There are 2 protein chains.
Amino acid sequence: MKLYNYFRSGTSFRVRIALNLKGLDYDYVAVHLAKGEQHGPTYRALSPDGLVPLLELEGEPQPLRLSQSMAIIEYLDEVFPEPPLLPRDPLGRARVRALAQTIACEIHPINNLRVLKYLAGPLALSEAQRAEWYNHWVMEGLRIYERRLQQLAEERARQDLPPSVYSYGDTPTLADCCLVPQIVNGRRFGLEYDGIPLTLAVYERCMQLEAFQRAHPSRCPDAE
Amino acid sequence: MKLYNYFRSGTSFRVRIALNLKGLDYDYVAVHLAKGEQHGPTYRALSPDGLVPLLELEGEPQPLRLSQSMAIIEYLDEVFPEPPLLPRDPLGRARVRALAQTIACEIHPINNLRVLKYLAGPLALSEAQRAEWYNHWVMEGLRIYERRLQQLAEERARQDLPPSVYSYGDTPTLADCCLVPQIVNGRRFGLEYDGIPLTLAVYERCMQLEAFQRAHPSRCPDAE
């Protein structure tokens, strides 16, 4: 199995965590986004979208190549079911997917490298305006995440269940795979994350696990 | 079942299509996004995120409320499996999810109402700059969608399968639920969609189905 990815890409980080949680070995293939390698002919021949991550699995007559981090993680969870990254019950699955999509659809797309480049290039926004943009959308999304965790905690309390250890329940899920890279990315931009204590506590508990630590950008072969 | 939604919201439109494809009746509850009703106390008491759509199902001791359109559609597909909106095999599911996420993670979040409002308000961009922004990200995402359809068509040809009728295979899927609202939304902004013939052909075939027609913004009770 090969993972085409980039140390600083949050969506790549999600898949690295999932592969580690599943105990799956993979070859790390670096695609240097900041240098534009994703637009070069070598990578474009593999990937129709020029985006990372791309997971390549052996297959006949040719390898299988999977795109989109959440789709990749759900595929891994279906094909390698242990340990599960989604609950067994439909409601639990809907809760975990909604948490994951709060990161993947409400925060990350608005703040990724290509959007920040467009703000700096065609729109000629100042560094301060770009920082304000980044901060605004990250915190708006994380406050939604926090309210979801709050609501889930209240649901568990009504059922006399102990508080969740991770975003949903006692084991890491797809939601944690999405949350942790977003928190790490924001730290790099100097965010202080006031007012989201439940979210930060989940992050801290995830980062105590070797699967999350080993997937961290600073531990990647292409880290700068 | 109640769907809190807004006629012009693309994510609401996705869920309306899915409910129609499943043959599920629902009460349409309008939340007027342009007037900011999603931030009012009535809606906030139901929804922690102030986003639409929100699907409410009967439950004890209180109703179940589900957020995030793709998570809602996957829940519906698990609880009401016929007709399926995702293929049965993990690879097919990964392909459909990657198509859906190409719309839901690469296009829609960058162009939704709250982002366009931020461009007009805090960033004081001109109407022309906002139109250029919208056009840029929609077409960048749809060209990725087109290349994915092309690649899938080649895969089917290698297996001697006939071309897909919809985005993936002979029945509408989660991918079509995401694609059609994006095409409709862009038409409202005057996009002409040059260079994406496979994508437009899928759109046209979907729009021949009553489930898609009936979900269209112009057919909604709150249409203006």
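Values in this document were obtained by computation on a predicted structure and should not be read as measured data. (Residues numbered from 1 in each chain as written. Chains lettered and ligands numbered in written order. Predicted model: local features only at pLDDT ≥ 70, side-chain atom pairs only at ≥ 80, totals over all residues. Heavy atoms only, no water.)

Undergrad: Looking at this structure, how should I read the UniProt feature "domain: GST N-terminal" (unreviewed entry) in chain A?
TA: UniProt feature "domain: GST N-terminal" (unreviewed entry): in the numbering of this structure it lies at residues 1–84 of chain A. Secondary structure across residues 1–84 of chain A comprises 36% helix and 19% strand; the distance between its end C-alpha atoms is 19 Å. (UniProt positions renumbered as here; feature names shortened; annotations may be inferred. Helix = DSSP H or I, 4+ residues; strand = E, 2+ residues; numbered from the N terminus.)

Undergrad: Just to check I follow, could you spell out the state of the cysteines for this structure?
TA: Here, the word disulfide means a covalent bond between the sulfur atoms of two cysteines. All names here are of chain A. Tallied over the full model, the rule gives 0 disulfides over all chains. Unpaired in terms of disulfides, Cys-178 finds its nearest cysteine sulfur in Cys-177, a separation of 6.7 Å. Given the relative accessible area of 1%, Cys-178 is considered buried. (Disulfide = S-S within 2.5 Å. Buried < 20%, exposed > 50% of the residue type's maximum accessible area, 1.4 Å probe, protein only.)

Undergrad: Even after reading the chapter, I still don't get the sheet that holds strand β1 (residues 2–5) of chain A, so can you show me in this structure?
TA: Within a sheet, each strand pairs with its neighbour through backbone hydrogen bonds, oriented either parallel or antiparallel. Residue and element names in this part refer to chain A. Spatially, 4 strands are ordered β2-β1-β3-β4 in an open sheet, and the strand pairing comes out mixed. Only two strands of the sheet have a single neighbouring strand rather than two, namely β2 (27–30) and β4 (64–67). Strand-to-strand, the axes of this sheet are offset by a mean angle of 20 degrees, without reference to chain direction. With 4 bridges connecting them, strand β3 (residues 54–57) and β4 associate as antiparallel partners. Its bridge partner lying in β4, Leu-54 is registered against Ser-67. (Pairing = 2+ DSSP bridges. Axes fitted to C-alpha atoms, helices over the stretch in contact; angles between N-to-C directions.)

Undergrad: Got a minute to help me understand helix α3 (residues 69–79) of chain B in this structure?
TA: Residues lying three or four places apart along an α-helix face the same way, a consequence of the helix completing one turn every 3.6 residues. Of all 11 residues making up α3 of chain B, 9 are buried, and the element is well covered by its neighbours. For α3 of chain B, the full list of buried residues reads Ser-69, Met-70, Ala-71, Ile-72, Ile-73, Glu-74, Tyr-75, Leu-76 and Asp-77 of chain B.

Undergrad: Help me understand the side chain of Asn-20 of chain B in this model?
TA: Residues and elements named next belong to chain B. As for its position among the elements, Asn-20 is in helix α1 (residues 10–22). Judged by its relative accessible area of 8%, Asn-20 falls in the buried class. Apart from the residues within four sequence positions on either side, Asn-20 is in contact with Tyr-26, Ala-211, Arg-214 and Ala-215. (Contact = heavy atoms within 4.5 Å.)

Undergrad: What's the story with the pattern of salt bridges in this structure? I'm lost.
TA: A side chain of one charge can pair with a side chain of the opposite charge if their charged atoms are brought near each other. Scanning the entire structure with this criterion turns up 25 salt bridges over all chains. Between Glu-78 of chain A and Arg-97 of chain B there is a salt bridge whose closest N-O contact spans 3.1 Å. In this pair, Glu-78 of chain A sits in helix α3 (residues 69–79) while Arg-97 of chain B sits in helix α4 (residues 90–106), so the two residues belong to two different chains. A residue is classified by how much of its surface remains accessible, and Glu-78 of chain A, at 26% relative accessible area, is partly exposed. Judged by relative accessible area, Arg-97 of chain B falls into the buried class, the value being 2%. Across the pair Arg-214 of chain A and Glu-210 of chain A runs a salt bridge whose closest N-O atoms are separated by 2.8 Å. One end of the pair, Arg-214 of chain A, and the other, Glu-210 of chain A, are both in helix α10 (residues 210–215), 4 residues apart, so they sit about a helical turn from each other. Through salt bridges with shared partners, a single network forms among Glu-74, Glu-78, Arg-93 and Arg-97 of chain A together with Glu-74, Glu-78, Arg-93 and Arg-97 of chain B. (Salt bridge = Lys/Arg side-chain N within 4 Å of Asp/Glu carboxyl O.)

Undergrad: Please clarify how the relation of the copies chain B and chain A should be interpreted in this entry.
TA: Mapping between the two chain copies consists of a rotation about an axis together with a translation along that axis. The transform that puts chain B on chain A rotates by 180 degrees and translates by 0.0 Å along the axis, for an RMSD of 0.0 Å. Viewed as a symmetry operation, the transformation between the two copies matches a two-fold axis. Most of the interface of chain B is mirrored in chain A, where 100% of its interface residues again form contacts. (Least-squares fit on C-alpha atoms with pLDDT ≥ 70 in both.)

Undergrad: Teacher, can you tell me more about the interface of chain B and chain A here?
TA: Interface extent is often summarised as the accessible area lost during association of the parts. Between chain B and chain A, the residue contacts involve 48 residues of the former and 48 residues of the latter. Across the chain B to chain A interface the summed buried area is about 4500 Å²; carbon plus sulfur atoms make up 57%. Run the count over chain B and chain A and you get 12 salt bridges. In this structure, Arg-97 of chain A and Glu-74 of chain B form a salt bridge, with 3.4 Å as the shortest nitrogen-oxygen distance. Applying the counting criterion to the chain B and chain A interface returns 20 residue pairs in polar contact (both at pLDDT 80 or more). Counting residues per element, the ones that place at least two in the side of chain B that touches chain A are α2 (41–46), β4 (64–67), α3, α4, α5 (108–111), α6 (113–120) and α7 (127–158) of chain B. (Buried area = accessible area lost by both parts, 1.4 Å probe. Polar contact = N/O pair within 3.5 Å; in protein donor to acceptor, adjacent residues only side chain to side chain.)

Undergrad: I keep staring at the domain arrangement of chain A and nothing clicks. Help me out?
TA: Residue and element names in this part refer to chain A. Looking at chain A, the domain boundaries give domain 1 (2–82) and domain 2 (90–215). When each unit is reduced to the centre of its C-alpha atoms, the spacing between domain 1 and domain 2 is 21 Å. Counting residues at the interface gives 16 residues for domain 1 and 22 residues for domain 2. Here domain 1 packs against domain 2, burying approximately 1700 Å² in sum over the two surfaces, 67% of which is carbon and sulfur. Linking domain 1 with domain 2 are 1 salt bridge. Between domain 1 and domain 2 we count 3 residue pairs in polar contact (both at pLDDT 80 or more) in total. Looking at the side of domain 1 that touches domain 2, the elements with two or more residues in it are α1 (10–22) and α3. Counting residues per element, the side of domain 1 that touches domain 2 draws most heavily on α1, which supplies 9 residues. Looking at side-chain class alone, the side of domain 1 that touches domain 2 contains 9 nonpolar, 3 polar and 4 charged residues. (Domains from an automatic or database assignment. Nonpolar A, V, L, I, M, F, W, Y, C, P; charged D, E, K, R; others polar.)

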